[in-house]
Amino acid sequence: MATIDNSFFPTENEIPNEYKLKNEIHQKSYLVGGEIKNHDGPMQEVLSPVCIRDNKGEVKQKVIGSYPLMSKEQSLEFLNASDKAYDNGRGYWPTSSVEKRIGHMEKFLKNMIPARENVINSLMWEIGKSYPDSAREFDRTVDYIKDTISALKDLDRISSRPVIEQGIFGQIRRAPLGVTLCMGPYNYPLNETFTTLIPALIMGNTVVVKPAKYGVLLHEPLLKAYQESFPPGVINMIYGEGRQIIGPIMESGKVDALAFIGSSKVANMLEKQHPKPNRLRCVEGLDAKNPAIILNDANLETTVQECITGSLSYNGQRCTALKLLFVQREIADDFISKFSEAVDNLKCGMPWTSNVAITPLPEAGKTKYLDDLVKDAQINGAKIVNPKGGKINYTFFSPTVLYPVNDKMRIFREEQFGPVVPIIAFDDVSEPLKYVEASNYGQQVSIFGEDPKVISKLIDPLVNQVCRVNLNCQCQRGPDTFPFAGRKDSAKGTLSVSDALRVFSIRTLVAAKYNEQNKELLEKILDGDNSEFLSTHFIL
Ligand code: G3H
């Protein structure tokens, strides 16, 4: 593999002032049981994917801070704090009214806004996300919290109305599940962690959060906001090697809900560690290998543009990214030449470079992994078709288009989660359909074309294989009010603003025979405002 020259990475002086790392964060503090404590054990050094060139021209990943590496024994302190706050459903948090919990969440929202610039700066330096995408991640998360609050108000308004059926009075509400373990992914370390954390909290669960492997320090400016906004033990932040600290938590059997966004392999391992599988509810966002099916009559301009953003936004590090492009043979050459040209026109650089599209990669060993995938494809007959493709520079991998790809290659099956775009030419639509059917994944697909008959014939079988069929546009999660789900190894449960409130809760009810004696009792409870659950209080 050719290497591009070291001047790709900046010297310290070349970094614009407004984007310089605000502070190295050597985070010793952690939040457990409502207290911010100081860790005095081993620490994990955090390296940025961004490298710095020194005055001798040598290039090294920048050290941006460190975080606590907690032990197996320490991990139980976090679980116990969460368990104590839940207190078998008797704690303040699970027994609070929805209105009170919303009040705490609104306080958190107010407290998190001032951390915006620090969080964005951390996202850029920790995971190499561009400034506009980092800002979008923060703002989208704020909107997600606001939308969640308003969806919960709607849900609670419906639940405030008891029913009488077949002579039985009932009040049905959604109650929390219990102690919840939340683990987010590195590609959206704030947003995707919060898309499970926020609904879990607001529904009355108590939570242990383990940040992703990369994108840990960005939570540090939020620690105080968590502490000041929620009662003790409701949210606890644990740090360290997943293998060390998560095993004991799962093996305790005390976790009621697992929210995990990551690989299906790790999800399976975590689930197996739990000794009481029927107690554990799982909400998981896992692997995906979303294909694009590009038909003969596709509008090439739109298709190229959508396939560029679909396959290469944030370097292809999105679970929803297009990870395999099937192109009908008659237009394959034309598409490949336009697509490759567009790929080579993408701006490569640092997260602050204006209009940057491709940036350095945070995962250790990632460029080697991608290089191995490319070499394996070349051995099996593919070529790098874009002149600027296949170049490595430390943590940077230039966007690479591979063609023709076939089923002997690892890239045909493996989720590359990086800037490598494999292309396959097909003659008949049954070929991409068979790929989707045989795949272990079932998240989304994109179809590009204009013939309503051909597209309809694809939609009907595909909706039964994946959970979203996109027409003439890339695959994506948003808008966050749409259901986000997957089949096979791609997900468990459905997330969206309103679905997430449901997956982190269970319907439970109070029922009574509608006779004179019970009517009197119910009236006294309701009029006396004695219960938070059995109540007709309407949130205004
Ligand atoms: O990594 C997976 C994310 O849920 C994708 O979200 O489609 O909005 O980038 P997105």
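Structural data are supplied above this passage.
This structure is a prediction, so every number in the text was calculated from the model and none was measured.

Caption draft 1: Spatial organisation of the packing of aromatic side chains. Scanning the model with the defined rule gives 16 aromatic pairs in all. With 5.4 Å between their ring centres and 35 degrees between their planes, tryptophan 125 and tryptophan 352 make a pair best called tilted. Residue tryptophan 125 is found in helix α4 (residues 116-127), and its partner tryptophan 352 is found in the loop between α11 (329-344) and α12 (366-379); the two are separated by 227 residues along the sequence. Assessed through its relative accessible area of 1%, tryptophan 125 is described here as buried. Overall, the relative accessible area of 11% leaves tryptophan 352 in the buried class. The structure contains a cluster of three or more aromatic residues connected by ring pairs, namely Trp93, Phe108, Phe194, Tyr226 and Phe230. Just above the ring of tryptophan 125 sits the side chain of lysine 62; from NZ or CZ to the centre is 6.0 Å. In this structure, lysine 129 is placed above the aromatic ring of tyrosine 188, and the distance from its NZ or CZ to the ring centre is 4.0 Å.

Caption draft 2: Structural view of unusual backbone geometry. A cis amide bond, omega -10 degrees, links tyrosine 403 with the succeeding residue proline 404. Inspection of the secondary structure assignment puts proline 404 in the loop between β18 (400-403) and β19 (420-426). Along the chain, glycine 478 connects to proline 479 via a cis peptide bond; the corresponding omega equals -10 degrees. Here proline 479 is to be found in the loop between β22 (468-471) and β23 (487-488). Within the chain, tyrosine 314 stands out as a residue other than glycine whose phi angle is a positive 40 degrees. For tyrosine 314, the location among the structural elements is in the loop between α10 (300-312) and β14 (322-328). On the basis of relative accessible area, tyrosine 314 is assigned to the buried category, the value being 6%. The backbone of asparagine 355 shows a phi angle near 60 degrees, a positive value even though the residue is not glycine. Within the element layout of this structure, asparagine 355 appears in the loop between α11 and α12.

Caption draft 3: The arrangement of the site of the ligand in detail. In the vicinity of the ligand, the contacting residues are Arg140, Asn187, Tyr188, Glu192, Arg318, Cys319, Thr320, Gln476, Arg477 and Phe484. Here arginine 318 contributes a side-chain N or O atom positioned 2.7 Å from an oxygen atom of the ligand. With respect to the ligand, the backbone of cysteine 319 contributes an N or O atom lying 2.7 Å from an oxygen atom. Protein contact buries 95% of the 310 Å² of open area that the ligand shows by itself. Of the residues in the shell around the ligand, the class split is three nonpolar, three polar and four charged. Mapped onto the domain boundaries, the shell around the ligand takes at least three residues apiece from domain 1 (2-285) and domain 2 (290-483).

Reading the values: rules and limits
- Residues numbered from 1 in each chain as written.
- Predicted model: local features only at pLDDT ≥ 70, side-chain atom pairs only at ≥ 80, totals over all residues.
- Heavy atoms only, no water.
- Phe/Tyr/Trp six-rings, centres within 6.5 Å; stacked < 30°, edge-to-face > 60°.
- Helix = DSSP H or I, 4+ residues; strand = E, 2+ residues; numbered from the N terminus.
- Buried < 20%, exposed > 50% of the residue type's maximum accessible area, 1.4 Å probe, protein only.
- Lys NZ or Arg CZ within 6 Å of the ring centre and 35° of its normal.
- Near = heavy atom within 4 Å.
- Polar contact = N/O pair within 3.5 Å; in protein donor to acceptor, adjacent residues only side chain to side chain.
- Areas by Shrake-Rupley, 256 points an atom, 1.4 Å probe, with all protein chains shown as cover.
- Nonpolar A, V, L, I, M, F, W, Y, C, P; charged D, E, K, R; others polar.
- Domains from an automatic or database assignment.

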